[in-house]
Amino acid sequence: MEYNFFGPSKTIASLRAIAARFDQTIQDNCEKVITRYMEEINPIIEKYRPRLEGKKVLLAIGGLRPRHVIGAYEDLGMEIVATGYEFAHKDDYERTFTDLKEGTIVYDDPTAYDLEYLAGALRPDLVGAGVKEKYVYHKMGVPFRQMHSWDYSGPYHGFDGFKVFARDMDMAINSPVWSLLKSPF
């Protein structure tokens, strides 16, 4: 069994899947928890979704993370334009494909050149990757969020983490600093 607690949509689906394995009392309590948290989450979505809707995201976060965070971006109206893995198995890709829209580029073991090329070709509004990629994208004038660990912010999982995630994605994309840089695009 695999559950996903990144973004409210995936968190809700996971909580319901877990509760479904128990009696009606647990299922009813699960719905109460969802209702309680959505009262906090809906204003977050209402605040940030208009600022992030339609923004394109390139993910280079490896491990299991690409398929886990896709829903969180989509809850904010953002579009994943490319994602992939450095070390993955066939089942990782099979699970990831189901969460992606048709036409999304999926890569395997990309080099730094490959990722820079994709960024130039796809012109994402945000790159979510590991810390070693940060400076390349900043020099390109592309907003960036470090997604491998919570060195700078986070955590991003669960309902409370989604509040931090939404704020951080907005800060990255809509920071006035980007108007001071000349993008190669």
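These lines cover the structure that appears in this document, whether it is placed above or below. (Residues numbered from 1 in each chain as written. Predicted model: local features only at pLDDT ≥ 70, side-chain atom pairs only at ≥ 80, totals over all residues. Heavy atoms only, no water.)

**Side note on the overall build of the protein**
From N to C terminus, the protein includes seven helices and five strands. The order of helices and strands in the protein, counted from the N terminus, is α-α-β-α-β-α-β-α-β-α-β-α. Its C-alpha atoms give the protein a radius of gyration of 17 Å, within 12% of the compact-globule value 16 Å for 185 residues. With respect to the principal axes defined by its C-alpha atoms, the protein has extents near 55 × 40 × 30 Å. Looking at the 185 residues of the protein, the share that counts as buried comes to 45%. Taking all contacts inside the protein whose residues are at least 6 apart in sequence as the whole, residues at least 24 apart take part in 55%. As displayed, the protein offers around 10,000 Å² of accessible surface, 55% of which is attributable to carbon and sulfur atoms. For the protein, the distance from the average site of its 23 positive side-chain charges to the average site of its 27 negative ones is 5 Å. (Helix = DSSP H or I, 4+ residues; strand = E, 2+ residues; numbered from the N terminus. Rg over C-alpha atoms; globule rule 2.2 N^0.38 Å. Buried < 20%, exposed > 50% of the residue type's maximum accessible area, 1.4 Å probe, protein only. Contact = heavy atoms within 4.5 Å. Areas by Shrake-Rupley, 256 points an atom, 1.4 Å probe, with all protein chains shown as cover. Lys, Arg positive; Asp, Glu negative; His and termini not counted. Charge placed at Lys NZ, Arg CZ, Asp CG, Glu CD.)

**Focus: the environment of Pro124**
With respect to the secondary-structure elements, Pro124 resides in the loop between α5 (112-122) and β4 (126-129). A residue is classified by how much of its surface remains accessible, and Pro124, at 5% relative accessible area, is buried. Put simply, Pro124 and Phe165 are 41 residues apart on the chain and 18 Å apart in space, counted from C-alpha to C-alpha. In this view, Pro124 contacts Lys56, Val57, Leu58, Ala119 and Val142; residues no more than four positions away in its chain are not counted.

**Observations concerning the layout of surface pockets**
Any space left empty among the atoms is revealed by the rolling of a water-sized probe across them. Of the pockets and cavities examined, the largest pocket occupies roughly 290 Å³. Lining the largest pocket are 17 residues, with Ala60, Glu86, Leu115, Lys132 and Glu133 sitting closest to its centre. Of all the elements in the fold, those that place two or more residues in the lining of the largest pocket are β2 (79-85), α5 and α6 (134-140). Sort the elements by how many residues they give to the lining of the largest pocket and α5 lands first, with three residues. (1 Å grid on protein atoms, 1.4 Å probe; cavity = no way out; pocket = protein on both sides within 12 Å on 5 of 7 lines; lining within 4 Å. Points joined across faces, edges and corners; volume = space filled by probe spheres on them.)

**Concerning unusual backbone geometry**
Glycine aside, residues mostly have negative phi angles, and peptide bonds mostly take the trans form. Although it is not a glycine, Asp109 adopts a positive phi angle of roughly 50°. Looking at where Asp109 falls in the secondary structure, it is placed in the loop between β3 (105-108) and α5. The partly exposed category is assigned to Asp109, whose relative accessible area is 44%. In this model, Arg123 sits at a positive phi of 50°, which is unusual for a non-glycine residue. Within the fold, Arg123 resides in the loop between α5 and β4.

**Observations regarding the packing of helix α3 (residues 65-75) against helix α7 (residues 158-174)**
Any two packed helices are characterised by how steeply their axes cross, that is the angle between the axes, and by the distance between the axes. With their axes 11 Å apart at the nearest point, α3 and α7 run at an angle of 70° to one another. Classed by the angle they form, the pair α3 and α7 counts as roughly perpendicular. The handedness of the crossing between α3 and α7 comes out as right-handed. When α3 is examined against α7, the residues Ala72, Tyr73 and Asp75 are found in contact with a partner set consisting of Phe162, Phe165 and Met169. Classifying every residue of the contact of α3 with α7 gives five nonpolar, no polar and one charged. (Axes fitted to C-alpha atoms, helices over the stretch in contact; angles between N-to-C directions. Parallel < 35°, antiparallel > 145°, perpendicular 65-115°, else oblique. Left-handed = near helix turned anticlockwise from the far one by under 90°. Nonpolar A, V, L, I, M, F, W, Y, C, P; charged D, E, K, R; others polar.)

**Focus: the pattern of salt bridges**
Overall, the coordinates contain 13 salt bridges when judged by the stated rule. The residue Arg67 makes a salt bridge to Glu2 at a minimum N-O spacing of 2.9 Å. Of the two residues, Arg67 sits in helix α3 while Glu2 sits in the segment before α1 (8-19), which places them 65 residues apart along the sequence. Owing to a relative accessible area of 2%, Arg67 belongs among the buried residues under this scheme. For Arg95, the salt bridge goes to Asp91, with nearest N and O atoms at 3.6 Å. Residue Arg95 and its partner Asp91 are both found in helix α4 (residues 90-97); the two are separated by four residues, about one turn of the helix. (Salt bridge = Lys/Arg side-chain N within 4 Å of Asp/Glu carboxyl O.)

**Focus on the environment of Thr96**
Mapped onto the secondary structure, Thr96 falls in helix α4. The sequence separation of Thr96 and Leu180 amounts to 84 residues, and the corresponding C-alpha distance is 36 Å. Thr96 has contacts with Arg67, Ile70, Thr83 and Tyr85, leaving out every residue within four places of it along the chain. Within the local environment of Thr96, its side chain forms a polar contact with the side chain of Tyr85, the two groups lying 2.5 Å apart. (Polar contact = N/O pair within 3.5 Å; in protein donor to acceptor, adjacent residues only side chain to side chain.)

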